[in-house]
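Reading the structure
The lines below spell out each chain.
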Number of protein chains: 4
Amino acid sequence: MKIRLGENSYGKNAIQLSKIIRHPAYHEFRQITVSVSLKGDFEEAHTNGDNSKILPTDTQKNTVYALAKDHFKSSVEDFAIYLANHFVSTQPQVGTATVAIAEHLYQRIMLDGNEHPHTYIGGGSEKHTTVVTKDATSVSVTSGIADLLILKTTDSAFEKYIKDTYTTLKETSDRILATKCTITWEYDPLPADYTEQYNSIREVLLRTFAGHKSLSVQQTLYAMGAAVLESHANVKDVYLEMPNKHHIPFNLEQFNIRHENEIFMATDEPYGLISGRVTRE
Amino acid sequence: MKIRLGENSYGKNAIQLSKIIRHPAYHEFRQITVSVSLKGDFEEAHTNGDNSKILPTDTQKNTVYALAKDHFKSSVEDFAIYLANHFVSTQPQVGTATVAIAEHLYQRIMLDGNEHPHTYIGGGSEKHTTVVTKDATSVSVTSGIADLLILKTTDSAFEKYIKDTYTTLKETSDRILATKCTITWEYDPLPADYTEQYNSIREVLLRTFAGHKSLSVQQTLYAMGAAVLESHANVKDVYLEMPNKHHIPFNLEQFNIRHENEIFMATDEPYGLISGRVTRE
Amino acid sequence: MKIRLGENSYGKNAIQLSKIIRHPAYHEFRQITVSVSLKGDFEEAHTNGDNSKILPTDTQKNTVYALAKDHFKSSVEDFAIYLANHFVSTQPQVGTATVAIAEHLYQRIMLDGNEHPHTYIGGGSEKHTTVVTKDATSVSVTSGIADLLILKTTDSAFEKYIKDTYTTLKETSDRILATKCTITWEYDPLPADYTEQYNSIREVLLRTFAGHKSLSVQQTLYAMGAAVLESHANVKDVYLEMPNKHHIPFNLEQFNIRHENEIFMATDEPYGLISGRVTRE
Amino acid sequence: MKIRLGENSYGKNAIQLSKIIRHPAYHEFRQITVSVSLKGDFEEAHTNGDNSKILPTDTQKNTVYALAKDHFKSSVEDFAIYLANHFVSTQPQVGTATVAIAEHLYQRIMLDGNEHPHTYIGGGSEKHTTVVTKDATSVSVTSGIADLLILKTTDSAFEKYIKDTYTTLKETSDRILATKCTITWEYDPLPADYTEQYNSIREVLLRTFAGHKSLSVQQTLYAMGAAVLESHANVKDVYLEMPNKHHIPFNLEQFNIRHENEIFMATDEPYGLISGRVTRE
C-alpha cells in the first residue's frame, strides 16, 4: 500500500491584537486573538520540501495586523470574513481559509454613574468567538460564546437515574447547577449586523438558563439551544458544551451539624461533560 | 556547626468552598478559596517524626467547611478572623495561625432591568482577598484585590528616561497603560464593616487610575496608594504590584501604512513588573 | 421547520487515577487521566428531562476506579478497551462508548547506577494517550503521544517561500526547529502488545525527527508519519499536530555585536501550527 | 501623618532566552527565563513622574540578550552574577540588583545507546533556579530546584496525630508520599563550580527522599535539608516547600472489593503545604 498525504492545514495561531477606535466622545478598546488556518495545494511542501506555494505563518501574522487598521472596525465576524477572503483571493494555491477570532471583553469603568471615556476593566473568562471558513464559492460563519461561567442556586434537580453496583450519588431535587459553557451557532443566511445578533442570542441563552426548571443538564442544554432556534430564524443549529462545575454538598452531618444545603465543595476535576447539538429538521 | 530547624509552617491550601445564603427575596452565592497555615511548637515533628502536636491538614480542611455554616455570613475578613482564632485558641501548640481567603466574584444576571434572584455569572480574574494573622494577643488584617485587569487608552506617557547602548524603546507621549494588578492594604485600626471599606477603597483605586495623567507606572502606582491613604484613615499602608500588560504598537509603516497609534500587539511576556509600598511616616 | 436534537454525548472527564502494582523486586507506579463519553438513546433526557436511561457521570467515575483494581494491569489501551466494553455491554441504551486515557510518565530515580525500587520522578509534559471507541460490533484504538517537546539545533531550514507585501521574515538555512507535538495513530489490525508497539513507534518518530534534514515543518511532519507507516504494518494512518515553538534570533547587530546564530528569543505566541495526516492509499 | 514611598522595585520579568553553544562534537542547547529587579534611588519617579533615573525595563531585556552572547557560557549562577553586577556598576542610582534565572532542562535524545549530537527532548516541570542579589559591596547567591515532582510508593506513614471533633482522616502506616517541591539553598562561601555543586546537592536530596522512612512530610523535609547541610559545607541553609500531591485511597470496600492499597484518586486541590528552613546554629 502506497503512503500518501491526507488532510492537512497550516497557519498562525494566537495572534494577539488590540485596537483603539477613537470616537468623539470616548475611546473604544478591542482585544482579540486571531488564528489563521489554510488548506490547499501543499502536497509538494510535505513530500519534497518545496516551499514555493507556502505563505509563511509569519506573513499571515503581519497581514492580520496590517489589515486590522482599515478592516477591523465593527464585529469580529466582519473582520474574519475580510481576512479569510483576503487569503483565498490573493493566494491561488489556497482552497480554504479558516479564520477564528476570540474577542476578550472589556467594559468601561463606571464612575459617578457614568462610563469613563477611556478606562476599561477586563479579565473575564467569557469571550465572543467566531470561526469563518471561506473557499472560492462559499463562506460559513459560526459564532459563539466561550468559557461563559453561569450558575444557578436552585431550580435544578437530578433524580430517577439508573442505579447499579457502582452508584453512590444521592438523588437531589435542589442542587447548584454551574457550567463554564461554550456555545456556538451557525448563521444561515448571514445576518446584516453580527453584533446585534450576538447580543440578542446571548440574552436568550441567559434568560433560558435562568428560567429553566432543570431536571438534568441535558434538558437545560436542549432548552437553551431550542430557544435560540425558535427566536432566531437565521440560526441553522446550535452546539453546546456544558462542563459541569460541581458544587458537592459537604457532609456536615458527620459532625452533628444539620445539613441545610448551604455548604459545598467546589471541584474542578473530575467533571461531567454534556454536549449536544440542537438543529432543525 | 550544629544543624537546626529554622522558620517553618504547615497547613491546607486551596480549600474551595461555596455557600448559598438564602435571603427572602434572593439567593446570595459566595465562592471562596481558603488557605490555612500554622506556626508553633512543631520541632519534634520535624526532627523525630513525633506527630502528637500535629493537627492534620485534612482536619483543617474539615474545620473550614464545618465552621462556614455558622460563621461565614458576611465578609471574608470576618470569617478569616473567626477561623484564625479557632486554631489559635483550640490548639495550644499553635503560636500563630494565618488564614488567607480569596473570594471569586459573581454577579446576578440582569434580565429586563432586574437582577435575577438566583442566577449568577462569574469567571472574572479579579478576586477580593484577605490575609489574617492571629497569635495569642494580636491580630492583623491585610485585605486586597488580586488580578484586577485595568487599562486606559490614553493619559499615559513614558519619556525622558535613561538611554544607553542597549536602548531601542521609543519615547511616547500617548500609550496604552494596562496592568493586571494585585493590591493589598493593612487595616489599623480594624474597621467595623470590611465590605463597606473594601468597596470604598476599590472605588478610590479605580477613580485614581482613571483620572491620573500618568508619566510612568511608578507615578500611577504611587498616586493610587496615596489616594487610598488620604481617604481612609484606618489604612496603615498600601502595597501595589503592577505587572505591565504591554500593548506594543505594531510597525505599520514598514508596509507604507500610516501609524496612528491604533494597532497593537498584546504580549504577556516579557513584562515589566513595578511594585511598591505607600505608607505613612 | 421543526427543532430536534442532533449529535450528543455525555460522560465524566478528567478522572485522575493512580495505581501501585507491587512486583517482587520493585513497585510499579502508574498515573492516568481517564475520560468516558457515551452516545446512545438519550433523546428523552434532553427533551423531557427523563433520566431513566442516564447512568450518572458520578457512577461512571466510580466504575473506572472499581474496575482498575483487576483490569488496569498493563497497557492503557487494554484498560480503555475493557472500560469501553463494560459500558456498551452493561448499558443497552449506550450505542457507543469512548474511553480516552492519558498516562503521565514516571521514571524510577537512578542511585549509584541502579533504579530505586519505589521512588519515582515525574512532571514531564509528554503523555502516552489512547482513545478507544466501542460499539456493539466494532472497536477502534487510536493511540499517541501528547505534548512531546522536541527540538533540534540544526538540520532545519526555511527558504524559497512566497514573498508578498507583508513579508518580513528572512530566509534561513539553519534554524532551531522545536515543537510540542501531539501525534496519534490508529491501529488496524489491533496489536497483541500495545506497550511494545508504542515504544517502537515512539522510537521511530524520534529517530526520524533527529535525522531529517528539514526544509520545512511540513516536510518533517510528513517524514515522521511516513516512517511510522513504513515500519509498522498495523498502523493505518498517523495524524501529527506540530505547533512551532519559535526560537527567534535576537537582533544583536543593532548593538554592533556579531550575529552568529547563538542567541534567541523563545516565544509561545503567536505560533505556527502545522497539522496533517499521513495515510495509506 | 505624612504619606511617603516605602520599599519599591521594578524590572523586567519572564525574559525567555535560548542559546546554542556549539562544541566540536555536539550542540549544547540552553533555555532560561530571566527576571531583573532593581532597587535604588527611584523616589522622584514615583512622586513626580521624573524618569531621569529610570533604565526602562525594555532596555533591561535588551541587555540580557546582548550580554548572553559572551557571558552565558556555563552556569546560570555565573550569568546572573554578571548581569547583576552590570546593572549595579553601570547605573549609579541602582542600590541593589536582583537577577533570577530559571533554567528549563533539556536532554539529548538517546538513539542506539548514544546521545544525538543536536536533538533534544524537554518539557519537564523541574527547573534549576538561582537568585543573585548584588549591591555595591556584597553578593548573595541562592540556588535551587523548582517544581521537582518526586514520589515514593512506600516507606511513608502518617499516624499518632491529634484527633478532634473534625477528624475524619484515617491513620496509615503505608501511604504514597508525593510532592512537587521547590527547594533553595544559599551558598556561603560561594563555590568555584556552581554546576558541580548543583548536581551534587540534587543527588543528596533525591537519595535522602528515597531512603527516608517517613513518619511525616515534616520529618522528610528536615532530613532532606539536614543531609544537604551535612554534606555541603558551603551551604548556609536550605529552604524547602513541599506541597503534598495527595493520592487518596479510593474506597473500594463500598463495592465489596478488597482494599489492598492499590487504587488512588490523585488530587490537586486542596493540598497540604509543608515548608521549613534547615539552618546552622
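What you see is a predicted model, and the numbers here were worked out from it, not measured in a lab. (Residues numbered from 1 in each chain as written. Chains lettered and ligands numbered in written order. Predicted model: local features only at pLDDT ≥ 70, side-chain atom pairs only at ≥ 80, totals over all residues. Heavy atoms only, no water.)

A few points about the overall build of chain A
If you tally the helices and strands in chain A, you get five helices and 13 strands. Over its C-alpha atoms, taken along the principal directions, chain A stretches across nearly 75 × 70 × 40 Å. Taken over 281 residues, chain A has a buried fraction of 61%. Considering only residue pairs separated by 6 or more positions, chain A has 63% of its internal contacts joining residues 24 or more positions apart. Once the 28 positive and 35 negative side-chain charges of chain A are each reduced to a mean point, those two points are 2 Å apart. (Helix = DSSP H or I, 4+ residues; strand = E, 2+ residues; numbered from the N terminus. Buried < 20%, exposed > 50% of the residue type's maximum accessible area, 1.4 Å probe, protein only. Contact = heavy atoms within 4.5 Å. Lys, Arg positive; Asp, Glu negative; His and termini not counted. Charge placed at Lys NZ, Arg CZ, Asp CG, Glu CD.)

Regarding the interface of chain C and chain B
On the chain B side, the residues contacting the five residues of chain C number five residues. Between chain C and chain B, the buried area comes to about 500 Å², and carbon and sulfur atoms account for 71% of it. Of all residues in chain C, C:Tyr166, C:Thr168 and C:Phe255 give up the largest surface area on contact with chain B, accounting jointly for 70% of the area buried on that side. For the pair chain C and chain B, the number of links is zero salt bridges. There are zero residue pairs in polar contact (both at pLDDT 80 or more) connecting chain C and chain B. Of the residues assigned to the side of chain C that touches chain B, the class counts are two nonpolar, three polar and no charged. (Buried area = accessible area lost by both parts, 1.4 Å probe. Salt bridge = Lys/Arg side-chain N within 4 Å of Asp/Glu carboxyl O. Polar contact = N/O pair within 3.5 Å; in protein donor to acceptor, adjacent residues only side chain to side chain. Nonpolar A, V, L, I, M, F, W, Y, C, P; charged D, E, K, R; others polar.)

Considerations on the relation of the copies chain C and chain B
The transformation that overlays chain C on chain B combines an axial shift of 0.0 Å with a rotation of 180 degrees, and the residual RMSD is 0.0 Å. Such a combination of rotation and displacement between the chain copies is what one expects of a two-fold axis. Here 100% of the contact residues of chain C are again contact residues in chain B; the copies associate through an equivalent surface. (Least-squares fit on C-alpha atoms with pLDDT ≥ 70 in both.)

Thoughts on the relation of the copies chain C and chain A
Of the transformation superimposing chain C on chain A, the axial component is 0.0 Å and the angular component is 180 degrees, with the fit at an RMSD of 0.0 Å. The share of interface residues of chain C whose copies in chain A are also at the interface is 100%, consistent with both copies meeting through the same surface.

As for the pattern of salt bridges
A complete count under the given rule lists 72 salt bridges over all chains for this structure. For B:Asp155, the salt bridge goes to B:Lys213, with nearest N and O atoms at 3.2 Å. With a gap of 58 residues between them, B:Asp155 in the loop between strand S8 (139-152) and strand S9 (177-187) and B:Lys213 in the loop between helix H4 (194-211) and helix H5 (217-231) connect regions that are remote in the sequence. Given a relative accessible area of 21%, B:Asp155 falls into the partly exposed group. The exposed category is assigned to B:Lys213, whose relative accessible area is 58%. Its salt-bridge partner being D:Asp112, residue C:Arg207 comes within 2.7 Å of it at the nearest N-O pair.

What about the packing of aromatic side chains?
What the rule picks out here adds up to 44 aromatic pairs over all chains. Measuring from centroid to centroid gives 4.4 Å for A:Tyr65 and B:Phe250, while their planes differ by 10 degrees, and the two rings are stacked. Taken together, the residues A:Tyr65 in helix H2 (residues 57-71) and B:Phe250 in the loop between strand S11 (247-249) and strand S12 (263-266) connect one chain to another. Aromatic pair D:Phe29 and D:Tyr106: ring centres 4.9 Å apart, planes at 85 degrees, arrangement edge-to-face. Highlighted residues: D:Phe29 in strand S3 (residues 27-40) and D:Tyr106 in the loop between strand S4 (94-104) and strand S5 (107-111), separated in sequence by 77 residues. Judged on exposure class, the residue D:Phe29 and its partner D:Tyr106 are both buried. (Phe/Tyr/Trp six-rings, centres within 6.5 Å; stacked < 30°, edge-to-face > 60°.)

A short note on the interface of chain C and chain A
Across the contact, 71 residues belong to chain C and 71 residues belong to chain A. Both faces considered, chain C and chain A share a buried interface measuring about 6200 Å² in area, 56% of it formed by carbon and sulfur atoms. When the buried area of chain C at its contact with chain A is split by residue, C:Ile3, C:Ile162 and C:Tyr166 rank highest and sum to 12% of it. Applying the counting criterion to the chain C and chain A interface returns two salt bridges. For A:Arg277, the salt bridge identified is with C:Glu7, shortest N-O distance 3.0 Å. Taken together, the links from chain C to chain A amount to 30 residue pairs in polar contact (both at pLDDT 80 or more). Considering every element that reaches the side of chain C that touches chain A, the biggest residue donor is strand S1 (residues 3-13) of chain C, with 11 residues. Its residues assigned to classes, the side of chain C that touches chain A shows 27 nonpolar, 29 polar and 15 charged. Summarising the sheet, strand S1 (residues 3-13) of chain A and strand S13 (residues 271-280) of chain C pair through nine bridges and their orientation is antiparallel. What sits directly across from A:Lys12, in S13(C), is C:Gly272. (Pairing = 2+ DSSP bridges.)

Some remarks on the UniProt feature "binding site: 5-hydroxyisourate" (unreviewed entry) in chain A
Residues and elements named next belong to chain A. Summarizing the sequence annotation, UniProt attributes the feature "binding site: 5-hydroxyisourate" (unreviewed entry) to Thr57, Phe158, Arg175, Val217, Gln218 and Asn244 in the numbering used throughout. These annotated residues cover 188 residues of sequence, and their C-alpha atoms reach 48.4 Å apart at the extreme, placing them across more than a single site. Take threonine 57: it is sitting in helix H2. Classification of threonine 57 as buried rests on a relative accessible area of 12%. (UniProt positions renumbered as here; feature names shortened; annotations may be inferred.)

Some details on the pairing of S8(B)
A regular strand places its side chains on the two faces of the sheet in alternate fashion. Of all 14 residues making up S8(B), 10 are buried, and the element is well covered by its neighbours. Pairing geometry for strand S6 (residues 114-122) of chain A and S8(B), over four bridges, is antiparallel. Residue pairing for S8(B): A:Gly122 is matched across the bridge by B:Leu149. Bridging between strand S7 (residues 127-134) of chain B and S8(B) involves eight bridges; their strand directions are antiparallel. Looking at S8(B), one finds that B:His128 is bridged to B:Ile145. In this antiparallel pair of consecutive strands, S7(B) and S8(B), the connection spans four residues. With 10 bridges joining them, S8(B) and S9(B) adopt antiparallel strand pairing.

Notes on the packing of helix H2 (residues 57-71) of chain B against helix H3 (residues 76-90) of chain B
Residue and element names in this part refer to chain B. Where H2 meets H3, the closest approach of the two axes is 11 Å, and the angle between their N-to-C directions is 130 degrees. One finds that H2 runs oblique with respect to H3. Note on packing geometry: the crossing formed by H2 with H3 is right-handed. Counting all contacts with H2, which are made through Gln60, Thr63, Val64, Leu67, Ala68 and His71, the residues of H3 involved are Phe79, Tyr82, Leu83, His86 and Phe87. Tallied by class, the residues present in the contact of H2 with H3 amount to seven nonpolar, four polar and no charged. (Axes fitted to C-alpha atoms, helices over the stretch in contact; angles between N-to-C directions. Parallel < 35°, antiparallel > 145°, perpendicular 65-115°, else oblique. Left-handed = near helix turned anticlockwise from the far one by under 90°.)

Description of the side chain of B:Asn51
Tracing the backbone through its elements, the reader meets B:Asn51 in the loop between helix H1 (43-48) and H2. Reaching out from B:Asn51, the side chain makes a polar contact with the backbone oxygen of D:Glu159 at a distance of 3.0 Å.

Some thoughts on the domain arrangement of chain A
All names here are of chain A. Domain assignment breaks chain A into domain 1 (1-137) and domain 2 (146-281). A straight line from the C-alpha centre of domain 1 to that of domain 2 covers 30 Å. Each partner contributes to the interface: domain 1 provides nine residues, whereas domain 2 provides eight residues. In total, about 880 Å² of surface goes out of reach between domain 1 and domain 2, with carbon and sulfur atoms giving 51% of it. Together, Ser125, Glu126 and His128 form the three largest contributors to the area buried by domain 1 at its contact with domain 2, with a combined 48%. Linking domain 1 with domain 2 are two salt bridges, by the criterion used here. Across the domain 1-domain 2 interface, the total number found is five residue pairs in polar contact (both at pLDDT 80 or more). Looking at the side of domain 1 that touches domain 2, the elements that each hand over two or more residues are helix H3 (76-90) and strand S7 (127-134). Of the residues contributing to the side of domain 1 that touches domain 2, the split by class is one nonpolar, four polar and four charged. (Domains from an automatic or database assignment.)

As for the environment of A:Pro92
Residue and element names in this part refer to chain A. For proline 92, the position within the fold is in the loop between H3 and strand S4 (94-104). The exposure class assigned to proline 92 is exposed, which follows from its relative accessible area of 77%. Along the primary structure proline 92 and lysine 53 are separated by 39 residues, whereas in three dimensions their C-alpha atoms are 9.0 Å apart.

Observations concerning the UniProt feature "binding site: O2" (unreviewed entry) in chain A
UniProt's feature table lists "binding site: O2" (unreviewed entry) at A:Thr57 and A:Asn244, given in the numbering used throughout. When residues no more than four places from it in sequence are discounted, the contact partners of A:Thr57 are A:Tyr10, A:Gly11, A:Lys12 and C:Gly272. The contacts of A:Asn244, once residues within four sequence positions are left out, are A:Arg175, A:Leu177, A:Ala178, A:Val217, A:Tyr271 and A:Gly272.

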